Each structure stands twice: as structure tokens, then as C-alpha cells.
Amino acid sequence: MFIYIKYDTDGFITAYQNTEEDGYTKVFILDSWITQFAQHSDKFRYDTDKKVVLNPGNLPEVSLDELNTKYSSVLETSQQAVQSATALAQQQTVSETSINQLQKSITALALSQSAKGTK
């Protein structure tokens, strides 16, 4: 699989993405490394002489179940954040409506008082 990477002066990968962009280097990652790379990309190095990505070889094993559990946890947290933001936006709309109604009432009262004072 081809990806695009950025790396530091020691060759350690600092960023990666799937699309070509200025400042990124196109490299090939073995399919068998993809799971490890996704979890520990900062441990992989780019050999500028050989133009290849080097696997450190001593990475912890990560199971798909463990990745799925972590993903589910992040997804749940994200959904809770969206629900909280939605509730906050709804409350702000209600508050804005109440403030507008209060301003109209005060204006009407002031106009009423002003009309009484001119008679």
C-alpha cells in the first residue's frame, strides 16, 4: 500500500496521509504492517538512503478486538459531545427567544408609559 509521509531529521515518521501533498514523501508499506503502522507510526523510520520504511520489529501486538474497542469508545465519546453541543444550541435558542420576548415587553411598556405621560 502506498502512503505519503513526513519524517524528522532522524527519519522517524511524524505524519502520514493517503493523498499526495507537497512536503510528503510517497512510500510503500507492507500490508502486514498496516495495523502496527496505524497504531505506532511514530516508531517507524524512513531510510533516506534506501528509500524504504523500516519497521522497528519490537512493537506490541494489537488485536483487532482491541482496536475495535478503542474505536467504539472514541465513537461513543464523540456522540456524547455532539448530543451535548446540540442540547446547548437548543437551550441558547430558547434563551434568545425569551430575551427577545422580554425586550418587546419592555419596549411596549415603555411606549405605554410614554403615551400616558404625554396626555
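A brief report on the enclosed structure follows. (Residues numbered from 1 in each chain as written. Predicted model: local features only at pLDDT ≥ 70, side-chain atom pairs only at ≥ 80, totals over all residues. Heavy atoms only, no water.)

## Some words on the environment of M1
Right, on to step 1. Its place among the elements puts M1 in the segment before strand 1 (2-7).
Right, on to step 2. On the accessibility criterion, M1 (37% relative accessible area) is partly exposed.
Right, on to step 3. Considered as a pair, M1 and I29 are 28 residues apart in the sequence and their alpha carbons are 5.3 Å apart.
Right, on to step 4. Those residues in contact with M1, other than ones at most four positions away along the chain, are N18, V27, F28, I29, D31 and I34. (Helix = DSSP H or I, 4+ residues; strand = E, 2+ residues; numbered from the N terminus. Buried < 20%, exposed > 50% of the residue type's maximum accessible area, 1.4 Å probe, protein only. Contact = heavy atoms within 4.5 Å.)

## Description of the sheet that holds strand 1
Right, on to step 1. The antiparallel open sheet is built from three strands, whose spatial order is 2-1-3. The two strands at the open ends of the sheet, each matched to only one other strand, are strand 2 (13-17) and strand 3 (25-28). Across the sheet, the mean angle separating the axes of adjacent strands is 45 degrees when strand polarity is ignored.
Right, on to step 2. With four bridges joining them, strand 1 and strand 2 adopt antiparallel strand pairing. Following the sheet pairing, K6 is matched in strand 2 by A15. (Pairing = 2+ DSSP bridges. Axes fitted to C-alpha atoms, helices over the stretch in contact; angles between N-to-C directions.)

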